[in-house]
Amino acid sequence: MKTYRYAERMSLVKPSAIRELLKLGADPDVISFGGGYPDPDLFPLEKLSFVFEQVIKEQGKSALQYTISEGLSELRLKLIERMKRVGVTCGLENLFLLQGSQQGLDLVAKMFLNKGDIVITENPTFLGALVAFNPYEPQYATVSMDKEGMDMDKLETVLKANPNAKFIYTVPTFHNPTGITMSRCRRKRLVELANAYDVIILEDDPYREIRYEGEQLPSIKSFDTEGRVIHLGSFSKILCPGLRLGWVVAEKELAEKLCLLKMAADTQNSTLNMYAVNSFIELYDIDEHITHIRKIYKDKKDLMLETLRVALPQSVRYTNPEGGLFTWLTFPDGVDTTRLMKERVLPEAKVAYVPGSTFFPVKEEVNHCRLNFSYMSKENIVRGVTAFGRILKEYC
């Protein structure tokens, strides 16, 4: 009988219970609030079609060829200019392109983590980050959140208890899964603590430009005085995810080492896609496009929250994010949202969501779930939340 001698780390690469549950929602009759998908009706299809055609006609020999691992210089220069808007000054030596910001999570973990090393995260944290980190066999130390994001006093306590922690991972703006945004003063304090305790910060910031209200906050990287903040950004939410284009900004030494790891992983991003996005930004106003999608998503968010207010029992709480794609629901103690979805919500209401338990790196909390409001139509938002609410009024 054939035996596959996997590396030990493969014991940590497992199908998520959430992934398996969401397969049940593949039925087209199911209203899914589960994924973090943007609305495909907002993809600028005609403009992208024109851009790809022009790039192939006019620059095809270059656009279909290999290029440097760092990515197309012209596009990186445009991103350097955009980073100035959030207070970050950087050069080509600091910024290179990724296969979406998800690749950055893997590369940073690969660069820093040995088995048993400590990663500090918010509690809860982005499930995709845990999926990226887990194969490198870290241990997690978590920090609770309030309405201003990660609690800095509790973070300092965790840092004192874990003096050799490798990095602090945070989604500071429209946090996934909770939708909470870290305040300006806490961003500054986070860098001060990182300096004091000699630890790296990994700032995952893919939702920053999807803001509906409130003040645009500077990047955590803008407060970096010692070159210890690694910033990740993405085109997935502001243009379209299928292009698989993100970027990293880091101190020169860190950027060089990360780029060597990227070269080993995939050599480079798609040259064609980089040329196309560069041309899109030159030919069209991407900020106008972002303004348009913000308006649509704000309307959807407002509709979902109003429907939640009407449909849900008062014992269920939910966040009201200033931007991003998600709201986070908290149920009374004793409610297991995984079991609830499997036994009642999917079969009876034909509604899917992401149960909250696997967003917790250390101790699972089962009485939460994440709802996405960007993907579904307004009609399905009302239908789905209303059907969900009918079950919850019996259940809670």
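As shown above, the structure is provided for reference.
Residues numbered from 1 in each chain as written. Predicted model: local features only at pLDDT ≥ 70, side-chain atom pairs only at ≥ 80, totals over all residues. Heavy atoms only, no water.

A.B. asks: Please explain the pairing of strand E9 (residues 246-249) as it appears in this structure.
C.D. replies: Side chains on a regular strand alternate between the two faces of the sheet. Burial of E9 is two-sided: the residues Gly 246 and Val 248 facing one way and the residues Trp 247 and Val 249 facing the other way are all buried. In the sheet, strand E8 (residues 229-234) pairs with E9 via four bridges, with the strands oriented antiparallel. Bridge pairing links Gly 233 to Trp 247 in E9. (Buried < 20%, exposed > 50% of the residue type's maximum accessible area, 1.4 Å probe, protein only. Helix = DSSP H or I, 4+ residues; strand = E, 2+ residues; numbered from the N terminus. Pairing = 2+ DSSP bridges.)

A.B. asks: How should the sheet that holds strand E14 (residues 368-372) be read in this particular structure?
C.D. replies: Pairing between sheet strands relies on hydrogen bonds along the backbone, with the strands arranged either parallel or antiparallel. Taken together, the four strands give an open sheet; going across it, the order is E10-E11-E14-E13, and neighbouring strands pair in antiparallel fashion. Of all the strands in the sheet, just strand E10 (317-318) and strand E13 (354-355) have a single pairing partner and so form its edges. Inspection of the sheet shows strand E11 (residues 326-330) paired to E14 by five bridges, in the antiparallel sense. Bridge pairing in E14 links Thr 330 to His 368.

A.B. asks: Got a minute to help me understand a negative patch on the surface in this structure?
C.D. replies: Taken together, the side chains of Glu 70, Glu 93, Glu 251, Glu 253 and Glu 256 make up a negatively charged region of the molecular surface. If you trace the backbone, Glu 93 turns up in the loop between helix H3 (73-83) and strand E2 (95-98). (Patch = residues over 30% accessible without salt bridge, like charges linked within 9 Å, V, L, I, M, F, W, Y side chains within 5 Å. Areas by Shrake-Rupley, 256 points an atom, 1.4 Å probe, with all protein chains shown as cover. Salt bridge = Lys/Arg side-chain N within 4 Å of Asp/Glu carboxyl O. Lys, Arg positive; Asp, Glu negative; His and termini not counted. Charge placed at Lys NZ, Arg CZ, Asp CG, Glu CD.)

A.B. asks: Whenever I open this one, unusual backbone geometry confuses me. Can you help?
C.D. replies: What you tend to see is this: most non-glycine residues have negative phi, and most peptide bonds are trans. Residue Pro 124 follows Asn 123 across a cis peptide bond; omega there is 10 degrees. Examined against the element boundaries, Pro 124 turns out to sit in the loop between strand E3 (118-123) and helix H5 (127-133). Cis geometry marks the peptide bond from Asn 176 to Pro 177; its omega dihedral reads 25 degrees. Assignment of secondary structure puts Pro 177 in the loop between strand E6 (167-170) and helix H7 (184-197). Of note in the backbone geometry, Lys 350 takes a positive phi value of approximately 60 degrees without being a glycine. Relative to the elements of secondary structure, Lys 350 occurs in the loop between helix H11 (337-349) and strand E12 (351-352).

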